[in-house]
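# Close look at the chain arrangement
Each chain, written out:
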Amino acid sequence: NNTIANLNNTSTNTTTATNGTSSTFTHTSGIWVISSSTTGGTITGNTIYNLACAATPTSSGGGTGAIVSGIAYYNVSSTSPANISSNTVHSLAISSASTSSVLLMGGIFFTGTSINHTLAKNFVHSLNVTAANPNVSMRGMEILGGTPLVHSNMIRLGIRPDGSSLTTPVSI
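These remarks concern the structure in this document. (Residues numbered from 1 in each chain as written. Predicted model: local features only at pLDDT ≥ 70, side-chain atom pairs only at ≥ 80, totals over all residues. Heavy atoms only, no water.)

Moving on, we come to the packing of aromatic side chains. Under the criterion given, the structure shown has one aromatic pair. For the pair Y73 and F110, a centre-to-centre distance of 5.8 Å together with 0° between the ring planes defines the contact as stacked. Of the two residues, Y73 sits in strand β5 (residues 68-75) while F110 sits in strand β8 (residues 103-111), which places them 37 residues apart along the sequence. (Phe/Tyr/Trp six-rings, centres within 6.5 Å; stacked < 30°, edge-to-face > 60°. Helix = DSSP H or I, 4+ residues; strand = E, 2+ residues; numbered from the N terminus.)

This is the structure in structure tokens:
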């Protein structure tokens, strides 16, 4: 049970974002886990909010290529499932001034092996982008691999942290 809040990454680095366990681009994440342990990983009961990143990578791949993420979990263990549950992720922002860079943000990202992982009872809301950029992709929860049991999650996109509608053209 952690509270992770108020991380503002003002770097305008343009390093290409890539997927995988060795991403070296500028990004901001509340919790970033790469698990190869036989004990699996448990991320439960956390509150993550007010994270922002101004980077403008030349390419922003899916999942672990996000420049802003609340929780990013990359499980390479084939013997122990992950449990990501009862977390609240809100008020994440892409603060880049770019109106053309391909940028990705995600509330919760997961990839894992083919065992029974659990993603449950998470609440993701109030993702935001500050520039009018039609190339932004906003994902509440992204499952890139594995066979997780996903249930009882609540995801609300399209409403800013202040309650106003997100009118910026983004892919949700």
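On to the side chain of R160. For R160, the position within the fold is in the segment after β14 (154-156). Buried charge without a partner: R160 forms no salt bridge, and the closest opposite charge is D162, 5.5 Å away. For R160, the side chain forms a polar contact with the side chain of N128, separated by 2.6 Å. With near-sequence residues (within four places) excluded, R160 lies in contact with S126, N128, V129, S165, L166, T167 and T168. (Buried < 20%, exposed > 50% of the residue type's maximum accessible area, 1.4 Å probe, protein only. Lys, Arg positive; Asp, Glu negative; His and termini not counted. Salt bridge = Lys/Arg side-chain N within 4 Å of Asp/Glu carboxyl O. Polar contact = N/O pair within 3.5 Å; in protein donor to acceptor, adjacent residues only side chain to side chain. Contact = heavy atoms within 4.5 Å.)

Right, let's get into the pairing of β5. Burial within β5 is extensive, with seven of its eight residues counted as buried. Note that strand β2 (residues 28-35) and β5 share seven bridges and pair parallel. Directly across from V33, in β5, lies its bridge partner Y73. Judged from the six bridges that link them, β5 and β8 form a sheet pairing that is parallel. Considered in β8, the bridge of Y73 is made with F110. (Pairing = 2+ DSSP bridges.)

So, on to the sheet that holds strand β6 (residues 83-85). Read across the open sheet, the four strands follow the order β3-β6-β9-β13; overall the sheet is parallel. At either end of the open sheet lies a strand with only one pairing partner, and these are β3 (42-44) and β13 (149-151). Within the sheet, the average angular offset between the axes of one strand and its neighbour, ignoring direction, is 5°. With three bridges connecting them, β6 and strand β9 (residues 118-120) associate as parallel partners. Counted as the bridge partner of S85 is A120 from β9. (Axes fitted to C-alpha atoms, helices over the stretch in contact; angles between N-to-C directions.)

A separate point is the sheet that holds strand β12 (residues 136-143). Spatially, the four strands line up as an open sheet ordered β2-β5-β8-β12, and their pairing is parallel. Looking along the sheet, the strands with just one partner apiece sit at the ends: β2 and β12. Sheet twist, expressed as the mean angle between neighbouring strand axes with direction ignored, is 15°.

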